[in-house]
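Fold and contact review
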Amino acid sequence: MEAGSGLHATRARLVSLMGPGLDADDLSFHHSASAAFASLLMAWRLPAGARIGVVPSEYGSNMLVLAARALRTAVSLVDLPVDETGVIDVETLDRAGVACADAPGRIGLADLDLVVFPQVPSQRGIVQPAAAIGARCAAEGVPLVLDVAQSLGQVEVRQTAASAYIGTSRKWLCGPRGAGFLAVRKGSVDLLDIAVPSLHSARFDRNDRPVPLPGLARLGIGEAATVSRIGLGQAVTELTDSGPSLVFARIARLAGQGRRLLDGAGGWRVREDPDSPCGIITMQPPPGTDPVAVRDRLYREDRVLTSAIPVERSRDLTGPVLRASAHVYTDPAEFERLAMGLERIAYDR
């Protein structure tokens, strides 16, 4: 009983970090953000010929789910207009709409049946205008699924008005692995079928046909690592007690310092604007440099943890990049060690 009340409190704290109008009963735990995304998108009721608005920076695993869904029901995936950094171009969307292969000319946002994108992609330190797109989708009656796996815990999400959100414990919320979640507004739950029928998500009707359980129970998963959810609850409590706005501001400030220091170090070029309000820093390697080998040396020799991002991560990558993350607990001196490590590795070549 005590664990149950604690998990209810965790759901309430999580939805308080997301869009307005959600309550604890609108959120369901899952195994991971990827599993939650697949469950939600496969359950979303769409007719044959429907159009889903996406972005080129969509995470590779999510893109595979979208492509599979498109094949299953003859759905079209349509790229929203973006600028040179990958940020959705709201002005172009308002003025010219979206280019669509199955329609002459361009179509408007109202001609889409669903919009899906990550507020922050994993392979570039940008923040999508989720509040602006959410407001436009709501005005046109177009559902929006917002992936907050890389944004919740480091940038503001509370002004968005998405129909559904998916996220994870283990990234910017700094919780353990094994806990993901999805939140769906009450008005959108009825748009969902059953992604994976089981005794936790469906029942038989009197004609022995599977029908979904009421509400979010239709996306239920049964067995789970409850201790991971408890750990997520502790992480969210620490964030809310610290003051999310203060945490977000510190992350952005540290990332700005890091970008200015790292740009040009060892011939690596930072790909973001220095003042991007995001803790993710990505760097383009000098010609002939393998980011995987550099990542390994940086950890082995400097105890600096970075990530090598392969081209498979996203359609908008033209080559592998190196990622560094400015978490709230990051010491600015770590960026100095990283810059020195990049310079030393370049010199050794």
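Residues numbered from 1 in each chain as written. Predicted model: local features only at pLDDT ≥ 70, side-chain atom pairs only at ≥ 80, totals over all residues. Heavy atoms only, no water.

Let us now look at the overall build of the protein chain. What the protein chain contains, in helices and strands, is 10 helices and 15 strands. In terms of overall dimensions, the protein chain is globule-like: its C-alpha atoms have a radius of gyration of 21 Å, near the 20 Å expected for 349 residues. In the protein chain, which comprises 349 residues, the proportion classed as buried is 51%. Taking as baseline every contact in the protein chain between residues at least 6 positions apart, the subset at least 24 positions apart corresponds to 66%. By element, 54% of the accessible surface of the protein chain is carried by carbon and sulfur atoms, the whole surface being about 15600 Å². When the 37 basic and 39 acidic side-chain charges of the protein chain are each reduced to a single mean position, those positions are 3 Å apart. (Helix = DSSP H or I, 4+ residues; strand = E, 2+ residues; numbered from the N terminus. Rg over C-alpha atoms; globule rule 2.2 N^0.38 Å. Buried < 20%, exposed > 50% of the residue type's maximum accessible area, 1.4 Å probe, protein only. Contact = heavy atoms within 4.5 Å. Areas by Shrake-Rupley, 256 points an atom, 1.4 Å probe, with all protein chains shown as cover. Lys, Arg positive; Asp, Glu negative; His and termini not counted. Charge placed at Lys NZ, Arg CZ, Asp CG, Glu CD.)

Here the protein chain is described as being made up of domain 1 (1-242) and domain 2 (244-348). When each unit is reduced to the centre of its C-alpha atoms, the spacing between domain 1 and domain 2 is 28 Å. Counting from both sides, the interface comprises 30 residues of domain 1 and, opposite them, 28 residues of domain 2. Roughly 2200 Å² of surface becomes buried between domain 1 and domain 2 when both sides are summed, with 56% attributable to carbon and sulfur atoms. Taken together, the connections running from domain 1 to domain 2 amount to 1 salt bridge. D79 is the partner of R315 in a salt bridge, and the nearest nitrogen-oxygen pair spans 2.8 Å. Summed over the shared surface of domain 1 and domain 2, the result is 16 residue pairs in polar contact (both at pLDDT 80 or more). Elements supplying a minimum of two residues to the side of domain 1 that touches domain 2: α3 (60-73) and α7 (226-242). For the side of domain 1 that touches domain 2, the element with the most residues is α7, which contributes 3 residues. For the side of domain 1 that touches domain 2, a count of residues per class yields 14 nonpolar, 10 polar and 6 charged. (Domains from an automatic or database assignment. Buried area = accessible area lost by both parts, 1.4 Å probe. Salt bridge = Lys/Arg side-chain N within 4 Å of Asp/Glu carboxyl O. Polar contact = N/O pair within 3.5 Å; in protein donor to acceptor, adjacent residues only side chain to side chain. Nonpolar A, V, L, I, M, F, W, Y, C, P; charged D, E, K, R; others polar.)

Attention now goes to the UniProt feature "domain: Aminotransferase class V" (unreviewed entry) in the protein chain. The feature "domain: Aminotransferase class V" (unreviewed entry), as given by UniProt, occupies residues 25-188 in the numbering adopted here. With 28% helix and 21% strand, residues 25-188 has its two end C-alpha atoms placed 13 Å apart. (UniProt positions renumbered as here; feature names shortened; annotations may be inferred.)

The subject of this paragraph is the sheet that holds strand β3 (residues 76-79). Spatially, 7 strands are ordered β1-β9-β8-β7-β6-β2-β3 in an open sheet, and the strand pairing comes out mixed. Looking along the sheet, the strands with just one partner apiece sit at the ends: β1 (27-30) and β3. Strand-to-strand, the axes of this sheet are offset by a mean angle of 20°, without reference to chain direction. Pairing geometry for strand β7 (residues 144-147) and strand β8 (residues 164-168), over 3 bridges, is parallel. (Pairing = 2+ DSSP bridges. Axes fitted to C-alpha atoms, helices over the stretch in contact; angles between N-to-C directions.)

Right, let's talk about the packing of aromatic side chains for a bit. Applying the stated criterion across every chain, the model contains 0 aromatic pairs. Directly above the aromatic system of Y299 lies the positively charged group of R303, at a separation of 5.1 Å from the ring centroid. (Phe/Tyr/Trp six-rings, centres within 6.5 Å; stacked < 30°, edge-to-face > 60°. Lys NZ or Arg CZ within 6 Å of the ring centre and 35° of its normal.)

Another aspect to go through is the environment of C278. Position of C278 relative to the elements: it lies in the loop between β12 (269-270) and β13 (280-284). With a relative accessible area of 1%, C278 lands in the buried category. Taking C-alpha positions, C278 is 30 Å from W44, a pair spaced 234 residues apart along the chain. Excluding anything up to four places from it in sequence, C278 contacts V120, G125, I126, V127, Q154, V155, A255 and R259.

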